[in-house]
Amino acid sequence: MRILSMLWSNLWGRPRTLLFPKRPVVTERFRGLVRFDPALCSGCAICKMRCTAKAIEFKAGKGEFTWSYEPGQCTFCGRCVEGCKDHALSQDSECPPIYTAIGELKTAYTVARKTTVKPAAAPQPAVAAPAAVPAIPASGETE
Amino acid sequence: MNLITALARLLIFPGLVFAVPAAWFFLWVERKAVARMQGRIGPPFMQPFFDFVKLMGKSTPPRNGIGGLLMRAWPLIAVSSAAGAVGLLPVLPASGGFQGDLILLLALLELPSMCIIAAGFSSGSIFGEIGSAREAVLSVSYNIVFLLAIVSIAASQHTFSLAALAQQSASPLRWLGILAILVCLPAKLHLNPFSLPNAEQEIYSGPITEYAGPELAMWELSHGLEWVAATGLVATLAAPVLATWWAAALVFVALCFGLVLLLSVVAAATARLQIDTTVRFYWQCTLIFAVLAVASALFMRFRA
């Protein structure tokens, strides 16, 4: 009988799903599409390594690299965003858009590698080579 | 019954012109009612029609040889027989001629089930074969009760003619038979708790797993027509005798609609039973009920 009362209350209550194409209202913590900022990316490809759904592809070229993202494969887990040390990745806090063709939302960026300036060779301080000292184990390490 | 009336009955009401939209409507009502009772919003009104049109526009997988030919034929036979069953229902007041009888109606109602069994075995898919085996076991279980209920109704009213049954007022024994038919309807329409042959979470779509495109559309249509025919049979037997055709048609549609809602409630409120529980339910519980109905009907007939 409990199931019947539950069905009855569901029947006259507000449905918990929405009719397409309505989109649910989400909070700021919602994990949506991954956004890429090419200006910040250093091309380390950690995001590709962390993507278990293989939604992120990374192709290294000479002096540049191509970063691409396929939302159709993405599980929106956010591991790529968490792992990006350059903060070049972020996630939208809204539902992903509706798409009708495979690969419609795929994005690809070809980014020139940043030229890394090596620090000038600083003059080595003239320090006398330390004499060979027998390794003395620290007191904590002794048994 | 003149030729025009016969054609109107077969083609317009309750024939194809009524039956096909009614099939889509009943499918929608069932899906929507179950969805609302489960707290979902459910499909829009035109969804079954859109599904049909979409499937008709798709291509079918290539099928070769006699097996392929049979696989193409099964859904067409199922649709034809279900549409014929709907056309036989004596909804409108009789005006002479052949009005169809219960035996022919039962045969036509049973053909889609046979086609589903054959289709699953012809497909060669393991899911299809399991679904077909389940459908066969289920069919053997509920059909005994279903047939005995029909026999009890016919014996209590001294006729197998559908038109004559529709013109007679319902006796208590007839109500007992109608109740037995109602118990069989969820199994006949593959609804919970007897949705074993097409258990989606276990065996995909069961016997129709290997079907796609227009063939699948025909299966869906056949299923909808089965809804109309099965609920229509109960509505015909339960409806009061009315002289005017529009009142008869209105009562028929209203009763069918009520039955669809009732079956939807049963489907939403129950979970799928195992095959052995299903068989036990029909063979141990319901069969006794049906045998009692037939025995009392025969007893009353000989006593009269």
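Residues numbered from 1 in each chain as written. Chains lettered and ligands numbered in written order. Predicted model: local features only at pLDDT ≥ 70, side-chain atom pairs only at ≥ 80, totals over all residues.

Peer 1: Account for the overall build of chain A, with residues named and values stated.
Peer 2: Scanning chain A from N- to C-terminus turns up three helices and five strands. Of the regular secondary structure in chain A, the N- to C-terminal order runs α-β-α-β-β-α-β-β. A buried classification covers 10% of the 143 residues belonging to chain A. In chain A, the proportion of contacts linking residues at least 24 apart, taken out of those at least 6 apart, comes to 75%. (Helix = DSSP H or I, 4+ residues; strand = E, 2+ residues; numbered from the N terminus. Buried ≥ 20, exposed ≤ 12 C-beta atoms within 10 Å, placed from the backbone. Contact = placed C-beta atoms within 7 Å.)

Peer 1: Describe in detail the pairing of strand β3 (residues 64–69) of chain A, supporting the description with residues and values.
Peer 2: Residues and elements named next belong to chain A. Residues Phe65, Trp67 and Tyr69 of β3 are buried on one face, while the alternating residues Glu64, Thr66 and Ser68, pointing to the opposite face, are not. Examined bridge by bridge, strand β2 (residues 56–60) and β3 share five bridges and lie antiparallel to one another. Bridging from a neighbouring strand, Phe58 pairs with Trp67 of β3. Where β2 folds back onto β3 in an antiparallel hairpin, the turn is made up of three residues, including Gly63, whose phi is positive at roughly 80°. Alignment of β3 against strand β5 (residues 107–112), held across six bridges, turns out to be antiparallel. By the bridge assignment, Tyr69 is partnered in β5 with Thr107. (Pairing = 2+ DSSP bridges.)

Peer 1: Any chance you could break down the interface of chain B and chain A for me, citing the residues and the numbers?
Peer 2: If you look at the interface, chain B gives ten residues, while chain A gives eleven residues. The set of elements that each furnish at least two residues to the side of chain B that touches chain A consists of α2 (16–37) and α11 (245–269) of chain B. The element that contributes the greatest number of residues to the side of chain B that touches chain A is α11 of chain B, accounting for three residues.

Peer 1: Just give me the short version of α11 of chain B, but keep the residues and values in it.
Peer 2: The end-to-end C-alpha separation of α11 of chain B is 36 Å, in line with the 36 Å expected for 25 residues at 1.5 Å each. Turning to α11 of chain B, its buried residues number three or more, namely Ala248, Phe252, Cys256, Leu259, Val260, Leu263, Ser264, Ala267 and Ala268 of chain B. (Expected span 1.5 Å × (residues − 1).)

Peer 1: Any chance you could break down the confidence of the model for chain B for me, citing the residues and the numbers?
Peer 2: Residues shown with low pLDDT carry predicted positions that ought not to be read at fine detail. Here chain B shows a mean pLDDT of 86. Residues at 70 or above account for 96%. The weakest mean pLDDT in chain B belongs to helix α1 (residues 3–11) of chain B at 74; the strongest belongs to helix α3 (residues 47–56) of chain B at 94. (pLDDT = per-residue confidence, 0-100.)

Peer 1: I'd like to hear about α2 of chain B, residue by residue, with values.
Peer 2: Structurally, the α-helix is built with 3.6 residues per turn, so residues lying three or four positions apart point the same way. Along its 22 residues, α2 of chain B runs 31 Å from first to last C-alpha, staying within 8% of the 32 Å computed at 1.5 Å per residue. Gly39 of chain B sits one or two positions beyond α2 of chain B and adopts a positive phi of about 85°.

Peer 1: I'd like a description of the packing of helix α1 (residues 2–12) of chain A against α11 of chain B, backed by residues and values.
Peer 2: At a minimum axis distance of 10 Å, the contact between α1 of chain A and α11 of chain B shows a crossing angle of 115°. In this view, α1 of chain A runs roughly perpendicular relative to α11 of chain B, as classed from their interaxial angle. As for how α1 of chain A packs across α11 of chain B, the hand of that crossing is right-handed. Side by side, α1 of chain A and α11 of chain B meet where Ile3, Leu4 and Leu7 of chain A of the first sit next to Val265, Ala268 and Ala269 of chain B of the second. (Axes fitted to C-alpha atoms, helices over the stretch in contact; angles between N-to-C directions. Parallel < 35°, antiparallel > 145°, perpendicular 65-115°, else oblique. Left-handed = near helix turned anticlockwise from the far one by under 90°.)

Peer 1: Could you give me a rundown of the sheet that holds β2 of chain A, with the residues and numbers involved?
Peer 2: Residues and elements named next belong to chain A. If you walk across this open sheet you meet the three strands as β2-β3-β5, and the pairing is antiparallel. Across the chains shown, the open sheet's two edge strands, defined by having one partner strand only, are β2 and β5. Each adjacent strand pair in this sheet contributes to an overall mean axis angle of 15°, direction not counted.

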